[in-house]
Amino acid sequence: MSDNIDTYKTIIKTSEESLFKDRGSKFIGQAHPVSSENEIEQILLQLKTNHNKASHVCYAWQLGKNYEQYRANDDGEPNNSAGMPIYGQIQSFDVTEILVTVIRYYGGTNLGVGGLIQAYKTAAQLALESAKIKIKVITQSLNIQFEYPLLHTVMRIIKEEQLDIAKQEMHLSCSITVSVRKNAIEQVKERFDLVFGLKTTLEDF
């Protein structure tokens, strides 16, 4: 993902289960919004409990607002016949902070590697098509510290830059933390820094 892009695509909520059948085998696809590997492990554990008679629980996930982490798992299917086709659909839909699972109930007929690739790809595609995809903006927090007489100036800049206030403390010495779109952070920080007697600090995402 390019450094100058400050949006990413993800899903709002877990999708409905989608069903794909091929020569007796059932492939149940589902997309889940996730934010950590621990959360992924919990979902997989629950799915394996709910589908304890399934032949395979295959999956792929992608994490990070900059699409920096991913993993694919075949769960016993031939190498790269399940997890990577699922991950290919995650890439195709350009989404992150997501886990896509495909549960297979074996139908008694071997599909071959080509058949498996197509089946897992299709099940993942159906799951993602049924999910509600949303574009989110990457922001960074900017803390502004100032004395009370500067409040009017600070609030005017916040209004003009259309910034969201995350938290604030109003006393003789004031502190306001605002959320700033990633691509605008330097410009906004510089504007505040030009105000004499005001201090700004960038905080973690």
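Note: the structure precedes this text.
The structure displayed is predicted, hence computed values, not measured ones. (Residues numbered from 1 in each chain as written. Predicted model: local features only at pLDDT ≥ 70, side-chain atom pairs only at ≥ 80, totals over all residues. Heavy atoms only, no water.)

Student: Please set out the packing of helix α2 (residues 83-93) against helix α3 (residues 112-130) residue by residue, giving values where relevant.
Tutor: The interhelical angle for the contact between α2 and α3, taken along N-to-C directions, is 35 degrees, at an axis separation of 8 Å. Of the two elements, α2 crosses α3, and the hand of that crossing is right-handed. Two secondary-structure elements touch here, α2 through Pro85, Ile86, Gln89, Ile90 and Phe93 and α3 through Ile117, Tyr120, Lys121, Ala124, Gln125, Leu128 and Glu129. Taken together, the residues of the contact of α2 with α3 break down into eight nonpolar, two polar and two charged. (Axes fitted to C-alpha atoms, helices over the stretch in contact; angles between N-to-C directions. Helix = DSSP H or I, 4+ residues; strand = E, 2+ residues; numbered from the N terminus. Left-handed = near helix turned anticlockwise from the far one by under 90°. Contact = heavy atoms within 4.5 Å. Nonpolar A, V, L, I, M, F, W, Y, C, P; charged D, E, K, R; others polar.)

Student: Kindly report on the sheet that holds strand β4 (residues 56-63), identifying the contributing residues and their values.
Tutor: What the five strands build is an open sheet, ordered β2-β3-β6-β4-β5; its pairing is antiparallel. Edge positions in the open sheet fall to β2 (18-22) and β5 (69-73), since each of these has one partner strand only. Adjacent strand axes in the sheet meet at a mean angle of 15 degrees, parallel and antiparallel pairs treated alike. Bridge count for β2 against strand β3 (residues 25-33) is five bridges, and the pairing is antiparallel. Residue pairing in the sheet places aspartate 22 in a bridge with serine 25 of β3. Set on the sheet, helix α1 (residues 37-50) makes contact with β3, β4, β5 and β6 (98-105); between it and β4 the angle comes to about 160 degrees. Together, β4, β5 and β6 form the strand contacts of α2, whose direction differs from that of β4 by roughly 35 degrees. (Pairing = 2+ DSSP bridges.)

Student: For α3, give the residues involved together with the corresponding values.
Tutor: With 19 residues, α3 should reach 27 Å at 1.5 Å per residue; the first-to-last C-alpha distance of 27 Å fits that figure. Residues of α3 that are buried: Gly115, Leu116, Ala119, Tyr120, Thr122, Ala123, Ala124, Ala127 and Leu128. Of the surrounding elements, those touching the buried residues of α3 are β2, β3, β4, α2, β6 and β7 (133-137). (Expected span 1.5 Å × (residues − 1). Buried < 20%, exposed > 50% of the residue type's maximum accessible area, 1.4 Å probe, protein only.)

Student: Tell me what's going on with the pattern of salt bridges, and back it up with residues and numbers.
Tutor: The full count for this structure, using the stated rule, is eight salt bridges. When the shortest N-O distance is used, the salt bridge between arginine 71 and glutamate 37 registers 3.5 Å. Highlighted residues: arginine 71 in strand β5 and glutamate 37 in helix α1, separated in sequence by 34 residues. Judged by its relative accessible area of 42%, arginine 71 is partly exposed. The class of glutamate 37 is partly exposed, set by a relative accessible area of 30%. Between arginine 104 and glutamate 77 there is a salt bridge, with its nearest N and O atoms 2.9 Å apart. Of this pair, arginine 104 sits in strand β6 while glutamate 77 sits in the loop between β5 and α2; the two residues are 27 residues apart in sequence, bridging distant segments of the chain. On the basis of relative accessibility, which here comes to 9%, the residue glutamate 77 falls in the buried class. In this structure, a network of salt bridges that share partners links the residues Arg156, Glu160, Glu161 and Arg191. (Salt bridge = Lys/Arg side-chain N within 4 Å of Asp/Glu carboxyl O.)

Student: Explain the sheet that holds strand β8 (residues 139-147) to me, and be specific about the residues and the numbers.
Tutor: As a general point, the strands of a sheet are linked pairwise by backbone hydrogen bonds and lie either parallel or antiparallel. Across the sheet, four strands lie side by side as β9-β10-β8-β11; this open sheet has antiparallel pairing. Each edge of the open sheet is held by one strand with a lone partner, namely β9 (164-169) and β11 (199-202). Each strand of the sheet is rotated relative to its neighbour by a mean of 20 degrees, with strand direction disregarded. Pairing between β8 and β11: four bridges, direction antiparallel. Across the sheet, asparagine 143 pairs through a bridge with threonine 201, a residue of β11. Against the sheet, helix α4 (residues 151-160) engages β8, β9 and β10 (173-181), with an angle of about 10 degrees to β10. Together, β8, β10 and β11 form the strand contacts of helix α5 (residues 185-193), whose direction differs from that of β8 by roughly 0 degrees.

Student: Could you give me a rundown of the layout of surface pockets, with the residues and numbers involved?
Tutor: In this approach a probe as big as a water molecule rolls over the atoms, and the regions it shows empty are the leftover space. Taken as a whole, the largest pocket spans an internal volume of roughly 170 Å³. Every residue along the wall of the largest pocket is listed here: Val137, Thr139, Glu161, Gln162, Leu163, Asp164, Ser179, Val180, Arg181, Ala184 and Val188. Considering each element in turn, the lining of the largest pocket owes the most residues, three residues, to β10. Tallied by class, the residues present in the lining of the largest pocket amount to five nonpolar, three polar and three charged. (1 Å grid on protein atoms, 1.4 Å probe; cavity = no way out; pocket = protein on both sides within 12 Å on 5 of 7 lines; lining within 4 Å. Points joined across faces, edges and corners; volume = space filled by probe spheres on them.)

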